[in-house]
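What follows is the residue order along each chain.
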Amino acid sequence: MNRRKFIQLGVVGVGATLAGMESLHGESATVATATKTKTSSTIAIPISVAPLVQRDLDVMFDDMRTRAGVNALFIFIYTHEPHRAGVGADNFHGGNYARPHMEFYRDTPLTLSDMSAPEFGGVDVLARVIPIAQKHGIRVFPFILEDNSLPAAVKTDWENLYEVDHHGRRTSGHPGGPCFNHPGYQNFTLGLVEDYARSYDIGGIMWGSERQGGLLNTLGLSQSSGIDPGKTTCFCEFCLKKGRDRGIDVERARRGFDEMELFVRNSRNGQRPRDGCFTEFWRLLLKHPEALAWENLWATSRHELQMAIYQKVKSVNPTLQVGWHVWQNVSFSPFQRAEENLSDLAEFSDFIRPALYNNVAGGRFVSFVKGARGSVFGDLSSEATAEMFLQQLNYDEAPYDKLAATGFSADYVERETQRAVEAVAGHPVQIWPGVDIDVPVQAGESHCTPESVAGAVKAAFKGGAQGIILSRNYVEMKPENLSGAGGALRELGLI
Ligand SMILES: [Zn+2]
């Protein structure tokens, strides 16, 4: 089904609102709006909540506009993570920093009190920010990035929504998370996007999930290396049913993960399998192809939720832009790159933001290599593993021992942008790469400069980007580095 058809079916099938139908019938008005936005690139910046309540918004938006021509603001508007809210962890509650309208949350266990963020005195941040942002020519997008931990302050109602590992234990944080197949989580997410779409004058919504399937986690193939291989997900009642409906032998899948877990624990303890790590890994897959089917169940279930989000928002207002934050791990893992195929997302996306944080990428890639050597690639040296991945991923970067100190180059940003653009070719999907402006690094790793930021911005547009998301958070950025982005955008004639 092509995308236009999908939108039409979504709008008509779900039962369009009067506003939605009017937008469709008023085609000339819709086209005029689209043409208008097409002529100017989206220059976006994410921001945590605190500065939007505590600072003088006119001054702050003027700073963003002046330095870098920002015309879109992505607010971490729903979070139970203190750093995304922008406050300390003590007695932190979090939740929705706009006002939850309960008619949208009927079939979820979460209550008004679970969802309402009490920090900042309950001010409705979207209601406060949108009119002022519009005055500065800035569109507002709620950025819903899944939490990495079970919300501590409202644990009771949230924990039932969380994934279950292959030992039958409820997870409480990364790499586990809320289950895409749990109706309570689906209803919450769809209620949340509908609430934002109906209640506020937004430009669109970006949703993101920084996770991957259980098999890749068990094998430690992650930028967050050292993951407990016993926490493969998801084996909750809803996933078990869905797996059975797809014809997967659930118990064989579970046994496959048991054996993978043992393989990884032994590898990490320095026990080399008789025939080598790679052969052992492949043999386990031959013996338990159900584990691979389970991985695909997880990856496609997330895409199904994304399609539902897209359809829900479009049913409210087809002109709102819906897009996805894509976890940077996809840049390091040939395995996750396979399952997170942007071509699959293209059917239900208006924009995609691959996280291409080139400066912090060096350290993250080194961490990925360490994880990979603890399992599948335990036969190879660190240098050989890194070189193999760089070639597989088609990057031309510094040698392994220099990478953390140098970061990745602007060339990486260009190559990954170009790959994303090619993946969605034939669809009206825009690629808005997330470029690195002072994303926090570990000790000894390189730091951004105005020149490095300018280089990354130019590389993104050279790779074919139609917009850009200056990342990852306005409050983390040194002003001169944000100006570096602005200088490049001016040079390119985009602002
Ligand atoms: Zn599940």
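What counts and what doesn't
- Residues numbered from 1 in each chain as written.
- Predicted model: local features only at pLDDT ≥ 70, side-chain atom pairs only at ≥ 80, totals over all residues.
- Heavy atoms only, no water.
- Donors = N, O, S within 2.8 Å, 3.2 Å for Na, K, Ca; no water.
- Tetrahedral: all angles 85-135°; square planar, octahedral: opposite > 155°, others 65-115°.
- Axes fitted to C-alpha atoms, helices over the stretch in contact; angles between N-to-C directions.
- Helix = DSSP H or I, 4+ residues; strand = E, 2+ residues; numbered from the N terminus.
- Parallel < 35°, antiparallel > 145°, perpendicular 65-115°, else oblique.
- Left-handed = near helix turned anticlockwise from the far one by under 90°.
- Contact = heavy atoms within 4.5 Å.
- Nonpolar A, V, L, I, M, F, W, Y, C, P; charged D, E, K, R; others polar.
- Buried < 20%, exposed > 50% of the residue type's maximum accessible area, 1.4 Å probe, protein only.
- Pairing = 2+ DSSP bridges.
- Right-handed = clockwise from strand over helix to strand, strands pointing away.

Colleague: Before we move on, could you go through the coordination of the zinc ion and cite the residues and values that matter?
Modeller: Reference values for angles at a metal are 109.5 degrees in the four-donor tetrahedral case and 90 or 180 degrees in the six-donor octahedral case. Distances from the zinc ion to its protein donors, Cys179 (SG), Cys234 (SG), Cys236 (SG) and Cys239 (SG), fall at 2.2 to 2.4 Å. Geometry at the zinc ion is tetrahedral, judged from its four donor atoms and the angles of 97 to 117° they form at the metal.

Colleague: With reference to specific residues and values, describe the packing of helix α23 (residues 450-462) against helix α24 (residues 479-491).
Modeller: At a minimum axis separation of 7 Å, α23 and α24 run at an interaxial angle of 40°. Here α23 is positioned oblique relative to α24, judged by the angle of their axes. The handedness of the crossing between α23 and α24 is right-handed. Between α23, through Pro450, Val453, Ala454, Val457, Lys458 and Phe461, and α24, the contact on the second element is made entirely by Glu480, Asn481, Gly484, Ala485, Ala488, Leu489 and Glu491. Of the residues belonging to the contact of α23 with α24, the class tally is eight nonpolar, two polar and three charged.

Colleague: Break down the pairing of strand β11 (residues 467-471) for me, with residues and values.
Modeller: In terms of residue burial, β11 counts as a mostly covered element, since five of its five residues are buried. Burial along β11 is two-sided: the residues Gly467, Ile469 and Ser471 and Ile468 and Leu470 are all buried. Sheet topology note: the strand β1 (residues 42-47)/β11 ladder contains three bridges and is parallel. In the sheet register, isoleucine 43 faces β11, and the bridge partner there is isoleucine 468. Of the pairings in the sheet, the one linking strand β10 (residues 434-436) to β11 comprises three bridges and is parallel in character. Across the sheet, aspartate 436 pairs through a bridge with serine 471, a residue of β11. With respect to chirality, the unit in which β10 leads through α23 into the neighbouring parallel β11 is right-handed.

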